[in-house]
Structures are given as structure tokens and as C-alpha cells.
Amino acid sequence: MIEKADVVIVGGGVNGCALAYELSLKGIKAVVVERKHLASGATGRCGAGIRQQWSSRENAALAIESVRIFERLEEELGSSIGLRQGGYLIAIHDEKDMEQAEKNVEMQRSLGLDVSILEADEINDIVPILDIEGMKAIGATFCPTDGHADPFKTTYAYANAAMRNGAEIYRFTEVQDIVTDGEEIKAVRTNRGTIKTGVVVNAAGAWSKKIAEMAGIELPNVPYKKEIIVTERMTRIFDAMVISFRDGIYFSQQDEGQILGGIPPPETVTGYKTEPTLSFLEHMSSTLTRYAPVLKHINVLRQWTGFYDVTPDALPILGEVKGLKGFIQCNGFSGHGFMLSPMVAKLLAQLIAGEKTSLPIGRLNLERFEKMDFEKEKSVVG
Ligand SMILES: Cc1cc2nc3c(=O)[nH]c(=O)nc-3n(C[C@H](O)[C@H](O)[C@H](O)COP(=O)(O)OP(=O)(O)OC[C@H]3O[C@@H](n4cnc5c(N)ncnc54)[C@H](O)[C@@H]3O)c2cc1C
């Protein structure tokens, strides 16, 4: 194992691998330490939807910039990432939803996003199988450049490109301690040896709180168990991801025809339990078939679980921690860290290189929770 590195990244999910790649472009030697295989955390279990329609300016800006990167990523990395831009259709259920949607759309348009508000009778032009009465929609918002990419292909494309540029990735290697001296990072201890470094990036997803504890830092993040299903294949009939903030449901049709989707389980479960539940399956099936009755004829093939790493405002924690030089947070994505990863990686690489970040990330630091200076993201599903 390497003895010394400029940067040690804890976690080989999409964020850790994307950051290793962005650092490699700047000639900064990064080592990714992953205790299982790449994408074994939330990344390999996620819906991998890519949405730019957020209520907070921070999430919207990160997602918009990320989509620009996703659109040229295959060419840049030299491998497929399975990007498909079929749009996101977000249900509006009542006047209160409409008021919020109008505010969101105004802010999103101010960032240059092509997004519109649809009347109820325009919804079936986008997704023909939706039952407007069943889903209780009075309208929807729609952004045609939202979409989906393959989380495994994306992670491996980043990882392989990073390794070609000199990054090292240690799989099946567990970080067990972070060695500090006063206000400085000195090394990372793993089950396979110690790596001396002055910079550690905590990209450990739902386990980030534990990694931070190793450095004596407390994060407010909580792991929530989430469940998701995929059905058998059917003829391709729609391209958009359908979601509702009120019902919490999201579903889309994959390239091969399967329906992939999730909804918050009826019982909220925090911690690291991984068992799928029948109550989730029933809730998901009944809501899905209320939205799209034609799907009652299709069988669910698989159901699995993963964790959201949730912060009090559902926005990520990015940047250096006050009082511990070189300890960089890249976590707390609260269920939307796949879609933000390209831009987050770029920004953190700029920060680590001592450059001015191309988007301001100061408001996403850890200290916002101490000061109680934050506003909750309203556009959350799953
Ligand atoms: C059901 C579900 C659906 C989702 N849908 C979407 C979606 O549609 N769109 C979207 O953008 N996001 C979605 N998400 C969220 C998204 O999956 C995550 O935000 C994103 O994948 C986080 O990536 P990451 O690299 O930060 O973390 P992870 O992918 O969780 O990677 C963290 C890694 O750290 C490793 N690790 C932990 N502890 C240690 C240690 N001590 N030593 C070494 N390695 C360690 C883990 O093994 C893991 O591989 C969903 C999540 C779930 C669970």
C-alpha cells in the first residue's frame, strides 16, 4: 500500500471516484479507500435520477452545472455512462403546491433552466399512462433536460479515468482511524496500513458520521433506510421520471423497459437495517397503480434497500471543517448525491487545489448547523 498521498478520499461511491478524477486533472495525487467494491454504498442502490428542479438555489445550481458535465462526460471519460434525458414531470396537487412550484420555476429559470408549468390536460402528452384523477394532479412542472444515468457505469468511468491519470483506488480496505495533531490531519489508518496525508475527504455516504467521529468531528447526518423496486420489462411507453413531493413517489421506465421506483416506506427507519419490507412493497404498488393503473398487470422482479445520508436541511455538507485543516466533507446528500456528483467533485477539487470555486459553496459548510443558519430543501422524494 502507498505510504503517502496528497489526498485520501474515504469512500468509493460516485462522489469519491468523481473527486479522484477531478483531482487527477490538477496533478493532485489522490487515493480512494473503499471498504467493499466501488459503488457498494448508496450509489449502486440508487434510482440515479438527475433532476435540476429544486426549491433551493444551491441544489438547483449544483444540479444544472452537473447536467452540463453529464452531457459531455462520456466523451471526456471515454466510456458510456448510460445518460438518458427524458425529463422529470413533477405533480402539482393543489393550490399550495402550485404556489411553491411557481416560486421554484421562477428561481430555476433565473439560473437558465428550461422548465415549464403544465396544465393537468397536458400531462398525458408527456406520460400517456398517468391517470390524472387517480394521482390527484391539477398540473405539473416539466424540465426536458432532466433524466437518468447508470450509476455503476458512471462510477467506474470516473474511477478508471482517475486511475489512468495516476490516482490509486484501494478496494476492500477499511478506514479505521484518522490521525490528527492539534488542528491538522496527519494520516489515515486502514486495516491494510497507514497512509500519511494532510488532506482527508469524507465521502463515506451514510457512514460519514462515523468517519468524522474518527477525527473528533460531529456531523448531524442521520442514515435513513430507503426501499426501491424494479419490475419486469414492458414495451417502452414513456421517457420522463414521474415524481410527487406530496406522495414521495418517484418512478421511471428504464432503457430496457423495466419500471424503477421508490416511495418513503410507511415506517421511518433510521440506522443501518437492510431488510426489505412487505409494507413498503404494498404501499409502493398501490400508489404506483393509482398513478398508472395499467401497471397493475406487471410483476415486481426485485426490491432492495439503501441509505439516504440525511442532513437537517436536506442539502449536502461540502468543504473544510473549521478547526481541522484539511478535513473536507463531501456528504449529507440526503437522497440526491448521484445527480450532484459531477459538479461537487469539480468544486471540491478546486477548493483542495487552493483555487476560487466556480460556484460559491460557503453556505454548504458544516458550521451552518451550529449557527442554525439554514433553510430546508422542500423538493425531496423517496
Ligand atoms: C433507494 C435510493 C434511491 C436514490 N435515488 C437517487 C436518485 O434518483 N438520484 C440521486 O441523485 N441520488 C439518489 N440517491 C442518493 C444517492 O444514491 C447518493 O446520494 C449517492 O450515491 C451518494 O454517493 P457517495 O459516493 O457520496 O456515497 P456512497 O455511494 O454511499 O459511497 C460511500 C462509500 O463509502 C464506503 N465506506 C463507508 N465507510 C467506510 C470506511 N470506514 N472505510 C472505507 N470505505 C468506507 C462505503 O462502502 C461506500 O461505498 C438514492 C439513494 C437511495 C438509497
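Computed from a predicted structure; not experimentally measured.

Quick look at the overall build of the protein now. Helix and strand content of the protein: nine helices and 19 strands. Its C-alpha atoms give the protein a radius of gyration of 20 Å, near enough to 21 Å, the size a compact globule of 382 residues would have. Its C-alpha atoms give the protein principal-axis dimensions of roughly 60 × 40 × 40 Å. Per element, the accessible surface of the protein, about 15,900 Å² overall, is 49% carbon and sulfur. Of the charged side chains in the protein, 42 are positive and 51 negative, and the gap between their average positions amounts to 5 Å.

With that out of the way, let us pick up the sheet that holds strand E8 (residues 168-170). Reading across the sheet, the six strands line up as E8-E2-E1-E12-E19-E18 and stay open at both edges, with mixed pairing between neighbours. At either end of the open sheet lies a strand with only one pairing partner, and these are E8 and strand E18 (317-320). Strand-to-strand twist in this sheet, taken as the mean axis angle between neighbours without regard to direction, amounts to 20 degrees. Relative to E8, strand E2 (residues 30-33) is paired through three bridges, and the arrangement is parallel. Across the sheet, Val31 pairs through a bridge with Glu168, a residue of E8.

Right, let's talk about the packing of aromatic side chains for a bit. For the structure on display, the rule yields eight aromatic pairs. With centroids separated by 6.2 Å and ring planes inclined at 75 degrees, the aromatic side chains of Phe238 and Phe251 adopt a geometry described as edge-to-face. Placement of the pair is Phe238 in the loop between strand E13 (222-231) and strand E14 (241-243) and Phe251 in strand E15 (residues 250-253), with a sequence separation of 13 residues. In this pair, the class of Phe238 matches that of Phe251, namely buried. Counting every residue linked through ring pairs, the aromatic cluster contains Trp207, Tyr272 and Phe307.

A contiguous patch of negative charge on the surface is contributed by Glu119, Asp121, Glu122 and Asp125. Within the secondary structure, Glu122 sits in the loop between strand E5 (116-119) and helix H4 (123-126). With a relative accessible area of 31%, Glu122 lands in the partly exposed category.

Turning our attention to the pattern of salt bridges. Under the definition given, this model contains 17 salt bridges. Arg35 is the salt-bridge partner of Glu174, the closest N and O atoms lying 3.9 Å from each other. With Glu174 in the loop between E8 and strand E9 (175-181) and Arg35 in the loop between E2 and strand E3 (49-50), this pair connects stretches of sequence that are 139 residues apart. Residue class for Glu174 comes out partly exposed when judged on its relative accessible area of 31%. Using a relative accessible area of 34% as the deciding quantity, one classes Arg35 as partly exposed. Put simply, Asp239 and Arg236 hold a salt bridge, and the shortest N to O gap is 2.6 Å. You can call Arg236 partly exposed: its relative accessible area is 31%.

Parameters and conventions
- The residue numbering used here restarts from 1 in each chain and proceeds along that chain's sequence as written.
- Where local features are concerned, this predicted model is filtered to residues with pLDDT of at least 70; where side-chain atom pairs are given and counted, the filter is 80 or more; whole-chain, interface and lining totals use all residues.
- Hydrogens and water molecules were not included; the side-chain quantities draw on all heavy atoms of the structure.
- Secondary structure elements follow DSSP: runs of H or I no shorter than four residues count as helices, runs of E no shorter than two count as strands, and numbering proceeds from the N terminus.
- For a compact globule the rule gives 2.2 Å times the number of residues to the power 0.38, and the radius of gyration it is set against comes from C-alpha atoms.
- Accessibility throughout is a Shrake-Rupley quantity obtained with a 1.4 Å probe, and a residue counts as covered only by protein chains that appear here.
- Working convention for charge: Lys and Arg count positive, Asp and Glu count negative, and His plus the chain ends are omitted.
- Every charge is mapped onto a representative atom, which is NZ of Lys, CZ of Arg, CG of Asp or CD of Glu.
- When DSSP locates at least two bridges between a pair of strands, those strands are taken to pair.
- In this analysis, axes come from line fits to C-alpha atoms, helices being fitted only over the stretch in contact, and the angle between any two N-to-C directions falls in the range 0 to 180 degrees.
- Geometry of aromatic contacts follows a simple scheme: Phe, Tyr and Trp rings, the Trp one being its six-membered ring, pair when their centres are within 6.5 Å, and the pair is stacked under 30 degrees between planes, edge-to-face over 60, tilted otherwise.
- Here the term buried applies to any residue with accessible area under 20% of the maximum for its type, exposed to any over 50%, and partly exposed to those in between, with areas from a 1.4 Å probe on protein chains only.
- Residues enter a patch when their relative accessible area is above 30% and they make no salt bridge; the linking distance is 9 Å between like charges and 5 Å between nonpolar side chains (Val, Leu, Ile, Met, Phe, Trp, Tyr).
- Salt-bridge detection follows one rule: a side-chain nitrogen of Lys or Arg within 4 Å of a carboxyl oxygen of Asp or Glu.

Everything listed here is a matter of geometry and, on its own, says nothing about what the molecule does.
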